[in-house]
Amino acid sequence: MARPFHLNTPLLESVSMTQRVGTPVFLKMENSQPSGSFKIRGIGHLCQQLATDSKGVVCSSGGNAGMAAAYVARKMCVPATIVVPSSTPQLVVQRLRDQGATVNITGKVWDDANTEALRLAETEGLTYVPPFDHPLLWQGHSTVISEVAASLEEKPGAVLLSVGGGGLLCGVIQGLKDVGWTDVPVIAMETVGADCFNAAVKAGRLVTLDDITSEAKCLGAKTVCRKAFEFSQSGEISIISELVTDQQALSAVETFLDEERVLVEMACGAALAAVYSGLLHTLQDEGRLPAPLGPLLVIVCGGSSVDMEQLSHLKHKLHT
Ligand code: PLV
């Protein structure tokens, strides 16, 4: 089998988060992947399976799936077209171009960009790379858990992650099943206004949001993938779906920068906010999470849609 494009990322114990949560907290540092996020695990795997003889790949993205597709395509010497919505910050467009990709800006939200990517795949004969809805992506993402299982001595008490279209969630659940950790609950975080998974869980069916009103644009799919919804219904693994505000997600990004010296984007801040906002304690008080909780595994999903300028722009916009 070809060598994967992703790296085995560091698993760091966070002293400050451990103090806050009162249980050991381990950070899986997916921000240190070559493309800046976990997305390269699934997209690298998918492209190795589907794009070896491709005349080009086309990926619709809020940013990070595109970064992964552009990186992988460059390594495979295949041209990449990345379709992003107009909400994508200029800094991401530039970073995609720096990876050698052609950037196509279409529509207002990811769903619009995806329609265009599917059209291009059809008319130009390009290989379509979905950002979150494909079994090969989930298989690639599942390696994040097998890596943890190989290095963490104790089974985690819970896994904390962010949900956009649900690809990471599906991959983590697959990984938990692969290593036999099916009794480990997953805390699935979204922001208000990019909450397609939470809406589906509440309604008991797939829900398409009218619009994406959150600034966490990389969580901004209007409909979660069917597999993620099915996992929430099957009860094979307990999934706790929770929301934070944009302000909480942004403030988590800042606290993480101060305390861990790592800059991540708001999509990742949504998961981190569960620690900093005290949500985990609330879940324990409500009996929805065990107390005491074993080690908490946080998937630090990362993201490239952030720099100091973007951070101050968001602070200004959200009045934090
Ligand atoms: N971002 C996707 C989907 O956007 C993208 O195209 O990049 N954390 C970060 C930093 C992300 O970029 C994403 C997804 C997620 C978390 C959520 O992952 P998902 O979509 O697999 O649930 C619209």
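Conventions adopted
- Residues numbered from 1 in each chain as written.
- Predicted model: local features only at pLDDT ≥ 70, side-chain atom pairs only at ≥ 80, totals over all residues.
- Heavy atoms only, no water.
- UniProt positions renumbered as here; feature names shortened; annotations may be inferred.
- Helix = DSSP H or I, 4+ residues; strand = E, 2+ residues; numbered from the N terminus.
- Buried < 20%, exposed > 50% of the residue type's maximum accessible area, 1.4 Å probe, protein only.
- Lys, Arg positive; Asp, Glu negative; His and termini not counted.
- Salt bridge = Lys/Arg side-chain N within 4 Å of Asp/Glu carboxyl O.
- Contact = heavy atoms within 4.5 Å.
- Pairing = 2+ DSSP bridges.
- Axes fitted to C-alpha atoms, helices over the stretch in contact; angles between N-to-C directions.
- Disulfide = S-S within 2.5 Å.
- Core = buried A, V, L, I, M, F, W, Y, C linked by side-chain atoms within 4.5 Å.
- Near = heavy atom within 4 Å.
- Polar contact = N/O pair within 3.5 Å; in protein donor to acceptor, adjacent residues only side chain to side chain.
- Areas by Shrake-Rupley, 256 points an atom, 1.4 Å probe, with all protein chains shown as cover.
- 1 Å grid on protein atoms, 1.4 Å probe; cavity = no way out; pocket = protein on both sides within 12 Å on 5 of 7 lines; lining within 4 Å.
- Sits in = over half its atoms within 2 Å of the grid points.
- Nonpolar A, V, L, I, M, F, W, Y, C, P; charged D, E, K, R; others polar.

### Some remarks on the UniProt feature "domain: Tryptophan synthase beta chain-like PALP" (unreviewed entry) in the protein
Following the UniProt record, one finds the feature "domain: Tryptophan synthase beta chain-like PALP" (unreviewed entry) at residues 5-302. The span residues 5-302 carries 45% helix and 15% strand; its end-to-end C-alpha distance comes to 17 Å.

### Considering the side chain of Asp 195
One can find Asp 195 in the loop between strand 8 (186-191) and helix 9 (196-203). No salt bridge is formed by the buried Asp 195; the nearest opposite charge belongs to Lys 202, separated by 6.2 Å. In this structure Asp 195 touches Glu 190, Leu 209 and Leu 243, once residues within four positions along its chain are discounted.

### Let's talk about the sheet that holds strand 5 (residues 102-105)
Spatially, the four strands line up as an open sheet ordered 5-4-3-6, and their pairing is parallel. Unpaired on one side and paired on the other, strand 5 and strand 6 (127-129) mark the two borders of the sheet. Between one strand and the next, the sheet's axes are offset by a mean angle of 25°, whatever the strand orientation. Here helix 4 (residues 90-98) sits on the sheet in contact with strand 4 (80-84) and strand 5, set at roughly 150° to strand 5.

### A few points about the state of the cysteines
Under the defined criterion, the tally for this structure stands at zero disulfides. The thiol of Cys 196 is unpaired, and the distance to the nearest cysteine sulfur, on Cys 225, comes to 8.7 Å. Residue Cys 218 stays outside any disulfide, its sulfur separated by 9.3 Å from that of Cys 301, the closest cysteine. Look at Cys 218 and you get partly exposed, because its relative accessible area is 22%.

### Quick notes on the nonpolar core
When a protein is soluble and globular, its nonpolar side chains tend to lie buried together. Formed by 110 residues in total, the largest nonpolar core has its most connected members in Leu 169, Ile 187 and Leu 296. Residues within four places of Ile 187 in sequence aside, it is in contact with Ala 158, Val 159, Leu 160, Leu 161, Ile 240, Leu 280, Leu 283, Leu 289 and Leu 296. Ranked by size, the runner-up nonpolar core spans seven residues in total, among them Ala 117, Leu 120, Ala 121 and Leu 126.

### Points about the site of the ligand
Looking at the ligand, there are 23 residues lining it, with Ser 61, Gly 62, Asn 64, Gly 164 and Gly 166 nearest. Here Gly 167 contributes a backbone N or O atom positioned 2.9 Å from an oxygen atom of the ligand. With respect to the ligand, the backbone of Cys 218 contributes an N or O atom lying 2.9 Å from a nitrogen atom. Considered on its own, the ligand offers 510 Å² of accessible surface; in the complex 100% of this is hidden by protein. Structurally, the ligand is housed in the largest cavity. Grouping the constituent residues of the shell around the ligand by class yields 11 nonpolar, 11 polar and one charged.

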